[in-house]
4 protein chains.
Amino acid sequence: MTVTPLMTLADLNRTDLAGFEAAVGDTFELAPWVSAAAHAERPFASVTALHEAMMAAVRAAPRDAQLAFLHNHPDLAGKAARAGAITAESLSEQASVGLDSLSDEEFARFHRLNDAYKAKFGFPFIVCVRRHTRDSILRQFERRLRHDASAEFATALQEIFYITRLRVAAKVTGEGMPKVNGRLSTHVLDTHAGRPAAGVAVELFEYAGEQAHRIVRTVTNADGRTDQPLIGDRPLPIGRYELRFAMGDHFRRRDIEAGDPPFLDIVPLRFSIAEPEGHYHVPLLCSPWSYSTYRGS
Amino acid sequence: MTVTPLMTLADLNRTDLAGFEAAVGDTFELAPWVSAAAHAERPFASVTALHEAMMAAVRAAPRDAQLAFLHNHPDLAGKAARAGAITAESLSEQASVGLDSLSDEEFARFHRLNDAYKAKFGFPFIVCVRRHTRDSILRQFERRLRHDASAEFATALQEIFYITRLRVAAKVTGEGMPKVNGRLSTHVLDTHAGRPAAGVAVELFEYAGEQAHRIVRTVTNADGRTDQPLIGDRPLPIGRYELRFAMGDHFRRRDIEAGDPPFLDIVPLRFSIAEPEGHYHVPLLCSPWSYSTYRGS
Amino acid sequence: MTVTPLMTLADLNRTDLAGFEAAVGDTFELAPWVSAAAHAERPFASVTALHEAMMAAVRAAPRDAQLAFLHNHPDLAGKAARAGAITAESLSEQASVGLDSLSDEEFARFHRLNDAYKAKFGFPFIVCVRRHTRDSILRQFERRLRHDASAEFATALQEIFYITRLRVAAKVTGEGMPKVNGRLSTHVLDTHAGRPAAGVAVELFEYAGEQAHRIVRTVTNADGRTDQPLIGDRPLPIGRYELRFAMGDHFRRRDIEAGDPPFLDIVPLRFSIAEPEGHYHVPLLCSPWSYSTYRGS
Amino acid sequence: MTVTPLMTLADLNRTDLAGFEAAVGDTFELAPWVSAAAHAERPFASVTALHEAMMAAVRAAPRDAQLAFLHNHPDLAGKAARAGAITAESLSEQASVGLDSLSDEEFARFHRLNDAYKAKFGFPFIVCVRRHTRDSILRQFERRLRHDASAEFATALQEIFYITRLRVAAKVTGEGMPKVNGRLSTHVLDTHAGRPAAGVAVELFEYAGEQAHRIVRTVTNADGRTDQPLIGDRPLPIGRYELRFAMGDHFRRRDIEAGDPPFLDIVPLRFSIAEPEGHYHVPLLCSPWSYSTYRGS
């Protein structure tokens, strides 16, 4: 995602304004004054402190500068994104959630919501898209349209906090990195054999409305886990998911009789993620005739 | 399903051949000789014994009479069914599984399989459709096409046994009824509250390929059960199913915080039925953060 | 437990005062005036109404009559019980909880508590022993000693309500029987085989302090249940219990390898009962490598 | 346990016979010829290879040398141990399982078994005590008494293999250490709250006959685990265990109503260990009304 090379916090603490702006100047959408204000606060003890100094500059700005800043954000899924007049970060963030590939109908729906939002609040709808599924963004849109102006102003700033925290974490490395990533993991235990179920095909689906889109396809290792987290090294997008485990195949390989067709074949676990920076462990304990799951840790 | 009024076994044991044939003569497809042979064996100690006497007549018949009898069965989803030249029983049985409403493509597929089957075995594919979902019939078709002639002859007779056992059970009442029905039930326990979950919306879906068709929609009662079995008073069609429980709504009504969106919303339990005359109890034990199921009794 | 023959509510509604007193006169400890007052209220629509009329007479009595009535109750585990100067009902109720077989040390402890109680409240400690284990009675004693006089007076009357409700239910039969009994049941499912576990030895222990006393020994039937409830046809004594299931033997009979010694052998489920008139279903779902339980219904 | 300082494999590979014997000469009970033979096989690529070379020397010895070697082992819990005429290793190993603190009755029982064993096989009963509980040693004794001479000779050598593998692992460090230790761990998840249960008192008991002896007392940390494994850095003694979790206190701290007394208070999980070098993970998933466990990984 980063277009600039990663800089160390130590280097950033030593650099002049020009170097500082080259490194982190586009963190806040078309608002170089934010990084300029932050530059004056050096040195920073942690990357988190750097980001907080930037946010403090936004919060300390006069209302009209804040509003102008909010105005500078692109319409979500809007014409600007199609035409390219936004920062590279915004573009790749919007692509991550599929907002660059909306159907005409979806494009129209987002457009309508965006218009209603701007009519009510005077600035475009801002959301940290990397913390959401497409479904969840739509839900946020509808909820936030019901806010009053002051609640929504605070919400918009909070989203900018999430967006820019991710950007800072992608640009700067060093002490006290902010917690921006979550992790989704699983584990399959065969309670018939009393050991991890190895070689089980696992699929992860993300729901958009009633449609489930497969986003991961993997196989359990000797410990019944997956070699990589199902989702990791990024925020977990808020939304609805389904894990599907090919347990019928697993027990068939073990030559276990469990009916024809077997009582359990594909075992689905459906759950939602609400904490993008959290750890969701969603294991499956399974015999040919029973299974259970839970939010683990 | 029955078009003739239900007769008691006692009355049937007393009736003359004409009455006997009026009552049960169309049990075996266009084969009145079967009931004639059975009539000679009266009286029957049980309805099961009556049915077994009929099957014994089929088994004792010369091979060419057996083959002629098999030939008299309609093509499954075939032209005959469309044209009406089959018994009323056959017609309603085929309707029960949706074979009367196939798409053109499905109709063509069944037709192709049927032709291949007849070319190989010389008689139409016979299956007790009330013991199967549409999916399962297709699976049987493909499996049985791989049989040799003698294995398939035995399988066809076994299916006739199932078909006619159901017909006899629908026509005659009395001692020793054959076991022809199964039962699918559920139970929802709220392990957060330690009591049955009442008022939970429950849906039962039947799978046809990757498509899930809703076949039952109900709500749990005060004991966490459904007032009626999900499927009862009939054979359980062999096939794949999914139960879906609106647990998110349930815990929301109890004002329990479980994330936004809640970790569990719709909980799906996917399982297969392999024993049409069996009892499948598929309960859900559920807290806002965990659930389990098992084949119970 | 009853020494008088069971009378129907209809007969009781018709009988004169002498017959009424012969039937239910000893329901309230040495207080025939209670049944005399109730006799005037006939006829009763339900057995529950009869009992409530009796309780109403107690509640309507002058304070000194109430206190005299409370005084007429025997000391729990006291000298009276040893000497026999109490009603037959009191005697058999105290025996039911083992209060007739206390060790010298336990006898001294109960005696001390009883003296402290009488010194504070002026009447003996009254508790419906059939609703408690020995442990629970001791716990009640210690709790109630901390009550103020008015709270304890109400508690003592409530216990008399429980005691006499049981007595009425044992003496009179008819419409509207009060709910006085609970039920403890279990069910063993073998989640390795997907069916009920038959022939499993089950033991029920009641805890007294750290000691577990076996009170039931039985075996599961073909449905994985016990032919009789573990406790039934009586109030469930409030207290701590442990069920022990010989699952190691069960899986050994099925020739399942699960380690030597097997991972699971005797499976204990420890739980408490708090509602004497409730239904506690405490099932065991068990494979050789996992098990679960829950309060079911 | 070690009385000599730990030596590296590299140093051992370089040392002369005197140094070698000083380091590992008492690995095999009073049999310096074993280490002498092994010394000739240097250098060893791994600690495991060193131990295997020693065992190869035992296996290659003439039968009468093997028997003399077996004879040199002390009686388990025998007079020798009381009088001190055995190696320091033997002494501390026997203490680890409580064999140094037998009651007179137990001492007599072990003595009787030992005499019967020596009468049948001609050498003392040898068992790797660190891989067993006292219960399990007794069970081994009774089983092995039923062996024939050749099966028992092989078993005795296998036990010496276990004993000396542990000694080598305690004396020498370096590449390819043999796997001699197991691990017993737990994890408590509160399925009512959907997070690890922190601060839960956990006790581990070891069974000797019907008596449970507490061997560990700890508290879960913020992740619902224990800071140290329940048993670690040593072989897991084969035997029966019970974990007890103070879940009633946990839910009481969370102000959850679950009856009085609460349905679940102390939750016991009873299980056996059969693989001393294995990992046993025995978690508890628990709401106030349900719990489950399994052998995890």
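Note that the structure is a prediction, hence the values are computed from the model and not measured.

Enquirer: For this particular structure, what's the right way to read the relation of the copies chain B and chain A?
Expert: One copy of the chain maps onto the other through a rotation about an axis followed by a shift along the same axis. For the match of chain B to chain A, the screw axis carries a shift of 0.0 Å, the RMSD comes to 0.1 Å, and the turn is 180°. In symmetry terms, the pair is related by a two-fold rotation axis. When C-alpha distances to the rotation axis are compared across chain B, the minimum falls at S292 of chain B, with a value of 1.9 Å.

Enquirer: What is the right way to read the interface of chain D and chain A from this model?
Expert: The figure often quoted for interface size is the accessible area lost as the parts come together. Across the boundary between the two partners, chain D contributes 11 residues, which contact 11 residues of chain A. Together, the buried faces of chain D and chain A total about 820 Å²; carbon and sulfur atoms form 58% of this surface. Contact with chain A buries area across many residues of chain D, yet L189, Y294 and S297 of chain D alone supply 53% of it, more than any other trio. Here chain D is connected to chain A by 0 salt bridges. The interface formed by chain D and chain A holds 6 residue pairs in polar contact (both at pLDDT 80 or more) in total. For the side of chain D that touches chain A, the per-class residue count stands at 4 nonpolar, 4 polar and 3 charged.

Enquirer: For this particular structure, what's the right way to read the side chain of H187 of chain B?
Expert: Along the chain, the position of H187 of chain B falls in the loop between β3 (182–185) and β4 (188–190). H187 of chain B sits in the buried class, given a relative accessible area of 6%. A polar contact is formed between the side chain of H187 of chain B and the side chain of R225 of chain B, at a distance of 3.4 Å. The contact partners of H187 of chain B, leaving out residues within four places of it in the chain, are D223, G224, R225, H281, V282, P283 and L284 of chain B together with S297 of chain C.

Enquirer: Looking at this structure, how should I read the packing of aromatic side chains?
Expert: Both the distance between ring centres and the angle between the ring planes are used here to describe each pair of aromatic rings. Counting across every chain of the model gives 60 aromatic pairs over all chains. Arranged with centres 6.2 Å apart and planes meeting at 80°, the rings of W33 of chain B and F69 of chain B form a pair that is edge-to-face. With a gap of 36 residues between them, W33 of chain B in helix α3 (residues 32–39) and F69 of chain B in helix α5 (residues 63–71) connect regions that are remote in the sequence. Aromatic pair Y280 of chain C and F263 of chain D: ring centres 6.2 Å apart, planes at 25°, arrangement stacked. Residue Y280 of chain C is found in strand β11 (residues 279–281), and its partner F263 of chain D is found in the loop between α11 (247–253) and β10 (266–273); the two belong to separate chains. By relative accessible area, which is 2% here, Y280 of chain C ends up buried. F263 of chain D sits in the buried class, given a relative accessible area of 2%. These aromatic residues form a ring-pair network of at least three members: F110, Y117, F121, F123, F125, F141 and F153 of chain A.

Enquirer: Looking at this structure, how should I read the interface of chain B and chain A?
Expert: The interface is formed by 29 residues belonging to chain B together with 29 residues belonging to chain A. Interface of chain B and chain A: buried area, both sides summed, is about 2,500 Å²; carbon and sulfur atoms make up 56% of it. A per-residue breakdown of the area chain B buries against chain A is headed by F263, R270 and Y291 of chain B, which together make up 28% of the total. Put simply, chain B and chain A have 6 salt bridges between them. A salt bridge links R139 of chain B to D260 of chain A, with the shortest nitrogen-to-oxygen separation between them at 2.9 Å. Where chain B meets chain A, there are 12 residue pairs in polar contact (both at pLDDT 80 or more). It is strand β10 (residues 266–273) of chain B that contributes the most residues to the side of chain B that touches chain A, 7 residues altogether. Across the side of chain B that touches chain A, the residue classes break down as 16 nonpolar, 6 polar and 7 charged. Bridge count between strand β13 (residues 290–294) of chain A and strand β13 (residues 290–294) of chain B: 5 bridges; the pairing is antiparallel. The partner of S292 of chain A across the bridge, within β13 of chain B, is S292 of chain B.

Enquirer: In this structure, what is going on with the sheet that holds strand β9 (residues 239–246) of chain C? I would like to understand it.
Expert: Strand pairing in a sheet relies on backbone hydrogen bonds. The paired strands run either parallel or antiparallel. All names here are of chain C. With respect to topology, 4 strands assemble into an open sheet ordered β7-β6-β9-β10, the strand pairing being antiparallel. This sheet does not close on itself; its edge strands, each paired only once, are β7 (211–219) and β10 (266–273). On average, adjacent strands in this sheet sit at an angle of 25° to one another, irrespective of strand direction. In this structure, strand β6 (residues 201–208) lies alongside β7, joined through 8 bridges in antiparallel fashion. Within β7, the position partnered with L204 by the bridge is V216.

Enquirer: Is there a simple way to explain the packing of helix α3 (residues 32–39) of chain C against helix α4 (residues 47–60) of chain C in this structure?
Expert: To characterise two packed helices, one gives the angle between the axes of the helices and the distance between these axes. All names here are of chain C. In contact at an axis separation of 8 Å, α3 and α4 are set at 120° when each is read in the N-to-C sense. Viewed along their axes, α3 and α4 adopt a mutual orientation that is oblique. The handedness of the crossing between α3 and α4 is right-handed. Across from W33, V34, S35, A37 and A38 in α3, the residues of α4 making contact are M54, A57 and V58. Across the contact of α3 with α4, the residue classes break down as 7 nonpolar, 1 polar and no charged.

Enquirer: I keep staring at the confidence of the model for chain A and nothing clicks. Help me out?
Expert: Regions with low pLDDT should not have their predicted coordinates read in detail. Looking at chain A as a whole, the pLDDT averages 90, with 91% of positions reaching at least 70. In the model output, the complex is listed with pTM 0.91 alongside ipTM 0.91.

Enquirer: I tried to follow the packing of helix α4 (residues 47–60) of chain D against helix α10 (residues 149–171) of chain D on my own but got confused; where do I start?
Expert: All names here are of chain D. Here α4 crosses α10 at 145°, and the two axes come no closer than 10 Å. Taken as a pair, α4 and α10 cross one another with a handedness that is right-handed. Here V47, L50, H51, M54, M55, V58 and R59 of α4 come into contact with α10, specifically with L157, I160, F161, T164, R165 and V168. Each residue belonging to the contact of α4 with α10 can be placed in one class, and the counts come to 9 nonpolar, 2 polar and 2 charged.

Enquirer: Help me out: how do you make sense of the pattern of salt bridges in this one?
Expert: A side chain with one charge can pair with a side chain of the opposite charge if their charged atoms come near. The tally for this structure, following the rule as stated, stands at 76 salt bridges over all chains. The closest approach of N and O atoms between E152 of chain D and R144 of chain D, which form a salt bridge, is 2.7 Å. No difference in accessibility class separates E152 of chain D from R144 of chain D, as the two residues are buried. Here the salt bridges share partners, and the residues they tie into one network are E242, R244 and R270 of chain A together with E242, R244 and R270 of chain B.

Conventions and cut-offs
Residues numbered from 1 in each chain as written. Chains lettered and ligands numbered in written order. Predicted model: local features only at pLDDT ≥ 70, side-chain atom pairs only at ≥ 80, totals over all residues. Heavy atoms only, no water. Least-squares fit on C-alpha atoms with pLDDT ≥ 70 in both. Contact = heavy atoms within 4.5 Å. Buried area = accessible area lost by both parts, 1.4 Å probe. Salt bridge = Lys/Arg side-chain N within 4 Å of Asp/Glu carboxyl O. Polar contact = N/O pair within 3.5 Å; in protein donor to acceptor, adjacent residues only side chain to side chain. Nonpolar A, V, L, I, M, F, W, Y, C, P; charged D, E, K, R; others polar. Helix = DSSP H or I, 4+ residues; strand = E, 2+ residues; numbered from the N terminus. Buried < 20%, exposed > 50% of the residue type's maximum accessible area, 1.4 Å probe, protein only. Phe/Tyr/Trp six-rings, centres within 6.5 Å; stacked < 30°, edge-to-face > 60°. Pairing = 2+ DSSP bridges. Axes fitted to C-alpha atoms, helices over the stretch in contact; angles between N-to-C directions. Parallel < 35°, antiparallel > 145°, perpendicular 65-115°, else oblique. Left-handed = near helix turned anticlockwise from the far one by under 90°. pLDDT = per-residue confidence, 0-100.

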